[in-house]
Amino acid sequence: MNPVIKIENVRKILGKREVLKEISFAIEKGDIFGYLGPNGAGKTTTIRIILGLLTADSGRVTVLGEDINSRETRRKIGFALFPDGLYDNMTGEENLMFYARIYRVPAPSKRIDESLQVVGLQDRAADRAGTYSKGMRQRLALARALVHQPEVLILDEPTAGIDPSGQIEIRQILLDIASREKKTIFLSSHNLDEVQRICNRIGLIDRGEIKLYGDLEELRQKMGSGKILIKTGSNLPVSLLEELKTVPVFGFAEAAEDRLIFSPRPGVEVSDLVSFLTARGIRIEGATRQEASLEEIYSTILKEAEPK
Amino acid sequence: MNDTALILKTGLRHLLRMRITLIILISVSLMCVAGLTMAIIFLQIAPLVRTDTPDLQTLELYLSLIVFTSCLIGAGVNLNSFAFQNLTREKSRGNIEALLATPLTIRAIWAGKSLAIFIPGLVLGEVFALITLLAINFIYFIPTLGFLINPWIILSGFAAVPLIYLCLSLLVYLIGLTGNPATGNIIAQIFLPFYASLMINLAAHNILDAGSWSFTLANFGTATIITLFIFLLQPGLKREKVILST
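Residues numbered from 1 in each chain as written. Chains lettered and ligands numbered in written order. Predicted model: local features only at pLDDT ≥ 70, side-chain atom pairs only at ≥ 80, totals over all residues. Heavy atoms only, no water.

### Considerations on the pattern of salt bridges
Threshold: Take a side-chain nitrogen of Lys or Arg and a carboxyl oxygen of Asp or Glu: if they are within 4 Å of each other, that pair is a salt bridge. What counts as a helix is a DSSP run of H or I of at least four residues, what counts as a strand is a run of E of at least two, and both are numbered from the N terminus. For every residue, the accessible area obtained with a 1.4 Å probe (protein chains only) is divided by the maximum for its type, and the residue is called buried under 20%, exposed over 50%, and partly exposed between those limits.
Within the structure shown, the criterion is met by 31 salt bridges over all chains. A:R11 is paired through a salt bridge with A:E18; the nearest N and O atoms lie 2.7 Å apart. Here A:E114 makes a salt bridge to A:K110, at a shortest N to O gap of 3.3 Å. Here A:K110 and A:E114 lie together in helix 4 (residues 108-118), a separation of four residues that amounts to about one turn. Residue A:K110 is classed as exposed on the basis of its relative accessible area of 56%. Overlapping salt bridges bring together A:D84, A:D88, A:R137 and B:R93 as one network.

### Describing the sheet that holds strand 11 (residues 227-231) of chain A
All names here are of chain A. Inclusion rule: Here a strand pair is declared whenever DSSP counts at least two bridges between the two strands. Helix axes are fitted only over the stretch in contact, all axes being lines through C-alpha atoms; the angle between N-to-C directions runs from 0 to 180 degrees.
The strand order 12-13-11-14 describes an open sheet built from four strands, whose pairing is antiparallel. The sheet terminates laterally at strand 12 (252-256) and strand 14 (286-290), the two strands that pair on one side only. Strand-to-strand, the axes of this sheet are offset by a mean angle of 15 degrees, without reference to chain direction. Relative to strand 13 (residues 259-262), strand 11 runs antiparallel, the two being bridged by four bridges. Pairing of I228 across the sheet is with F262, part of strand 13.

### Let's talk about the interface of chain A and chain B
Rules: We call two residues in contact whenever any of their non-hydrogen atoms come within 4.5 Å of each other. Summed over both partners, buried area is the accessible surface (1.4 Å probe) that two parts give up on being assembled. A 3.5 Å cut-off defines polar contacts: any pair of N or O atoms within that distance qualifies, except that in protein one atom must be a possible hydrogen donor and the other a possible acceptor, and neighbouring residues in sequence count only when both atoms are side-chain atoms. Under this grouping Gly is polar, as are all residues other than the nonpolar Ala, Val, Leu, Ile, Met, Phe, Trp, Tyr, Cys and Pro and the charged Asp, Glu, Lys and Arg.
Taken together, the contacts link 31 residues of chain A with 29 residues of chain B. Surface buried jointly by chain A and chain B totals about 2,800 Å² across both partners, of which 56% is contributed by carbon and sulfur atoms. Counting the contacts that link chain A with chain B gives seven salt bridges. With a shortest N-O distance of 2.7 Å, A:R71 and B:D3 are connected by a salt bridge. There are 15 residue pairs in polar contact (both at pLDDT 80 or more) connecting chain A and chain B. Within the residue set of the side of chain A that touches chain B, elements represented by two or more residues are strand 1 (5-14), helix 2 (71-75) and helix 3 (92-102) of chain A. Within the side of chain A that touches chain B, the residues separate by chemical class into 14 nonpolar, five polar and twelve charged.

### A closer look at unusual backbone geometry
All names here are of chain A. For the peptide bond that leads from F82 to P83, omega is 0 degrees, which places it in the cis range. The topology assignment puts P83 in the loop between strand 6 (77-80) and helix 3. At L64, a residue that is not glycine, the phi angle is positive and equals roughly 55 degrees. With respect to the helices and strands, the residue L64 is situated in the loop between strand 4 (58-63) and strand 5 (66-67). Looking at L64, the relative accessible area reads 24%, which means it is partly exposed.

### Topic: the confidence of the model for chain B
All names here are of chain B. What counts, and what does not: Across the chain, each position has a pLDDT score giving the predictor's confidence in that residue, from 0 to 100.
Averaged over every residue, the pLDDT of chain B is 89; the share at 70 or more is 100%. Within chain B, no element has a lower average pLDDT than helix 3 (residues 56-92), which sits at 85, and none a higher one than helix 4 (residues 95-100), at 96. Prediction confidence for the complex, expressed as pTM and ipTM, is 0.85 and 0.87 respectively.

### Details of the packing of helix 3 of chain B against helix 7 (residues 181-204) of chain B
Packed helix pairs are characterised by how far apart their axes lie and by the angle those axes make with each other. All names here are of chain B. The following threshold applies: Working rule for angles: under 35 degrees goes down as roughly parallel, over 145 as roughly antiparallel, 65 to 115 as roughly perpendicular, anything else as oblique.
Two elements in contact, helix 3 and helix 7, have axes separated by 9 Å at closest approach and are oriented at 175 degrees. With respect to helix 7, the axis of helix 3 lies roughly antiparallel. From helix 3, L61, L65, F68, T69, L72, G76, L79, N80, F84, L87, T88 and K91 reach across to helix 7, where they touch P181, A182, N185, A188, Q189, L192, Y195, A196, M199, I200 and A203. Class assignment of the residues belonging to the contact of helix 3 with helix 7 gives a composition of 16 nonpolar, six polar and one charged.

### Things to note about the packing of aromatic side chains
Test applied: Any pair of Phe, Tyr and Trp rings, taking the six-membered ring for Trp, is counted once the centres come within 6.5 Å. Such a pair is stacked with planes under 30 degrees apart, edge-to-face with planes over 60 apart, and tilted for the rest. In this scheme, the term charge over a ring applies when either NZ of a lysine or CZ of an arginine sits within 6 Å of the ring centre and within 35 degrees of the ring normal.
As enumerated under the stated definition, the model contains 16 aromatic pairs over all chains in all. Considering the side-chain rings of A:F250 and A:F276, the 5.1 Å spacing of their centres and the 80 degrees angle between planes classify their relative orientation as edge-to-face. On the criterion of sequence distance, the pair formed by A:F250 in the loop between helix 9 (238-245) and strand 12 and A:F276 in helix 10 (residues 270-278) is long-range, its members being 26 residues apart. As far as burial versus exposure is concerned, A:F250 and A:F276 are alike and both buried. With a centroid separation of 5.0 Å and an interplanar angle of 40 degrees, the aromatic rings of B:F118 and B:Y165 are classed as tilted. You can see B:F118 sitting in helix 5 (residues 106-141) and its partner B:Y165 sitting in helix 6 (residues 151-178), a full 47 residues away along the chain. Three or more aromatic residues link up through ring pairs in this structure, and these residues are A:F25, A:F33, A:Y35, A:F186 and A:Y213. Sitting over the face of the ring of A:F276, A:R280 holds its NZ or CZ atom 3.8 Å from the ring centroid.

### Structural notes on the packing of helix 1 (residues 3-16) of chain B against helix 5 of chain B
All names here are of chain B. Where we set the bar: By convention the crossing between two helices is left-handed if the near helix lies anticlockwise of the far one by an angle smaller than a right angle, and right-handed if it lies clockwise.
Interhelical geometry of helix 1 versus helix 5 gives an angle of 40 degrees and a closest axis separation of 8 Å. Classed by the angle they form, the pair helix 1 and helix 5 counts as oblique. As helix 1 packs across helix 5, the resulting crossing turns out to be right-handed. Here helix 1 contributes D3, T4, I7, L8, G11, L12 and L15 to the contact with helix 5, which in turn contributes A108, I109, A111, G112, K113, L115, A116, I117, I119 and P120.

Below, the structure is given as structure tokens:
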């Protein structure tokens, strides 16, 4: 199956700075792809290249297998950028009508009603966008992105500057769109919790390089920084602790009273540790694996990338 | 609907909703036109009309200058107040970036936005010019001399000046889109008063007869020169350039 968005060896220099250093990744149909990275990492530049607003100095970008600069490809993309680009003096409905006409949407009024319903703004459709709260503006920008029924949604920081309840609403809307309307969603975010909750794949960019890319669950396992906690029920002999230190793959981290904490290397299972300990007469009361959170993965990667 | 027409319609709707700005704009333009017209009438036209044999050519010259400046003031005040303000706001709030990400061509966006700035000024300038032309004729000329007008006055005021203003709107918006909107605004702010005073002085010193073909031709020539600048700068109108100038 062809990827919906494919970025191959894209390089971009702005001024004297290499903003993107031959980045490559692909987003499959139905993915909710979270594009993470600190400020100035190259997220917005990547989005602008995908939308055809900037041209890559080298490399290739295709959306739905086609060049982004064709009008037909642009019709298949919906976007909500930051800032939102809404017209404050126009009502919510008029803002959508303008874009519906740009995209030549047939029966635009009906489609506008549907889009407003998806984002829950039917009641405020006749009010000027300038009177909307930040969260409502973002929802209106989402409705605008949906008005022409695009196949791909590209969202730049969709929850930036919105209060927590507004963020929850937007996340729910995005999940609904992905599941009900089968859209592929590319979203850039600073919010790790948000990405962890709604995205199935992630890409982490730092200083113009993709540091991490793939399925979120797979990455959690692959990163191998998930800890294993073993409850033993009694204090352990010092000799055993010394022995554990001689097996580096176990990644013995610390012992606290009746608890042992390991940061094992990839491939080491909970059962391996339990077998090792029971073979030495230790009674095990419980063992759990704590998978690495996105925050841990993120900070590990960024720490590794820091210039020494 | 054609893309340019769509942008134009939305741009006009957006501008017309800025009621306070519009009221201030119309008031300032009206005061300028009325002040200038009254000064020329009381200092030049009225004394001339009262003479036994009024010099029709001189009266035509004054009438032509009033029509020319009325049109230029109406259009110019509008361009100076709206083009910069509108473009700066739309660039900083992401309106332009959002439009560039749609299937619209960049030229359609540029043309539509420029026309949205041009049309209110055109209407304002032409209405002022028409009102002053008719008012002076009805009050001063018709009772004694008949309706005073010649085709060059009509062409200068109602074709050449609007053409200059259209070209200038396109140029200012082109410069503002691909660079800093303030640069375009500075050009408009310097050009319009300079041009108005240059043409008035040329006419007042009998170098160009404001009621003749030469004056009209000079105005069309100016529009052509601005058009040449547009052609020179137009290849730089690229999505990337607009985005990076924001």
